[in-house]
Amino acid sequence: MNKIVMITGATSGIGLACARKFAENGDQLILTGRNEQRLEEIRKELTDKGTKVLTLVFDVRNREDARQCIDELPDEWKEIDVLVNNAGLALGLEPEYEGSPIDWDTMIDTNIKGLLTMTRLVVPGMVKRNRGHVINVGSVAGDAAYAGGNVYCATKSAVKALTDGLRIDVADTAIRVTNLKPGLVETNFSNIRFHGDTGRAANVYKGIQPLTGDDIADVAVFAANAPAHVQIAEVLVLATHQANGSVIVRK
């Protein structure tokens, strides 16, 4: 059965890959992001292939804008079946005592508060209908801190705790909750982390074949389409030569 899938941070990286993979699966898409022009380009790309797409322009850090967009969803889009909380980012790789408070606020407000905002806005409808699936995009960084990761790792640890907590809260319903934890994925993630330093970003993936956004999106689609009695609670996906958040063998 076709689902209505909402994906936050859908204009690039894992979010965009999820949009394309869920579209291939025959689902309808609500795509959110800050870049209106890019959202429109993606909407056209997918609608030209036969997918029904609704785009919403807002920043998950802005709770009021997010609330307004969800409240004003057309009736045919209100019953969201899958929420992919993908919007998130890392900024900086400095020691904790040298980090930028602005970067800290951006990561905390996006990775933690943004996820909470979307959960608070969408999940009550799932509870009322007694069906739905929340897929939170966490990270291997949420399992253990690595050098320079400090605040980013803390936000992804919070994603794990919030995902586990939500799963407990909805255990008396038919809602499923998944923590999808990628390792090294080659997207614009590192370019953003290093504030546009493309050379430094490229070095992150040097000497190893990293994962792609499609690899992670495949897992998200699989989890969303598992039999109703199967809840894929947590998935850690690593590149073959990556052992954890800090052990990467480069050749």
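Residues numbered from 1 in each chain as written. Predicted model: local features only at pLDDT ≥ 70, side-chain atom pairs only at ≥ 80, totals over all residues. Heavy atoms only, no water.

## Brief notes about unusual backbone geometry
So, step 1. In this structure, asparagine 130 takes a positive phi of about 55° despite not being glycine.
So, step 2. Looking at the element boundaries, asparagine 130 is found in the loop between α4 (101–129) and β5 (133–137).
So, step 3. Taking relative accessible area as the criterion, asparagine 130 reaches 41% and is therefore assigned partly exposed.
So, step 4. Positive phi is not limited to glycine here, since histidine 195 has a value of about 50°.
So, step 5. For histidine 195, the location among the structural elements is in the loop between α6 (189–193) and α7 (198–203). (Helix = DSSP H or I, 4+ residues; strand = E, 2+ residues; numbered from the N terminus. Buried < 20%, exposed > 50% of the residue type's maximum accessible area, 1.4 Å probe, protein only.)

## Here's the deal with the pairing of strand β1 (residues 4–7)
So, step 1. Here β1 shows no split at all, with Ile4 and Met6 on one side and Val5 and Ile7 on the other all buried.
So, step 2. Handedness of the crossover joining β1 and strand β2 (residues 28–33) through helix α1 (residues 13–24) is recorded here as right-handed.
So, step 3. In the sheet, β1 pairs with strand β4 (residues 82–85) via three bridges, with the strands oriented parallel. Residue pairing for β4: valine 5 is matched across the bridge by valine 82. (Right-handed = clockwise from strand over helix to strand, strands pointing away. Pairing = 2+ DSSP bridges.)

## Thoughts on helix α5 (residues 150–169)
So, step 1. End to end, α5 covers 28 Å across 20 residues, agreeing with the expected 28 Å (1.5 Å per residue, within 8%).
So, step 2. Taken together, the buried positions of α5 are Asn150, Val151, Tyr152, Cys153, Thr155, Lys156, Ala158, Val159, Thr163, Leu166 and Arg167.
So, step 3. Tucked inside the fold, the buried residues of α5 contact α4, β5, β6 (176–182) and α6. (Expected span 1.5 Å × (residues − 1). Contact = heavy atoms within 4.5 Å.)

## Points about the packing of α4 against α5
So, step 1. Taken N-terminus to C-terminus, the directions of α4 and α5 make an angle of 15°; their axes are 8 Å apart at the nearest point. With respect to their mutual orientation, α4 and α5 come out roughly parallel. α4 and α5 meet at a crossing whose hand is right-handed. For the pair formed by α4 and α5, the contact residues are Trp104, Met107, Ile108, Asn111, Ile112, Leu115, Leu116, Thr119 and Val123 on the first element and Val151, Tyr152, Thr155, Lys156, Ala158, Val159, Leu162 and Leu166 on the second.
So, step 2. The residue makeup of the contact of α4 with α5, split by class, is 13 nonpolar, three polar and one charged. (Axes fitted to C-alpha atoms, helices over the stretch in contact; angles between N-to-C directions. Parallel < 35°, antiparallel > 145°, perpendicular 65-115°, else oblique. Left-handed = near helix turned anticlockwise from the far one by under 90°. Nonpolar A, V, L, I, M, F, W, Y, C, P; charged D, E, K, R; others polar.)

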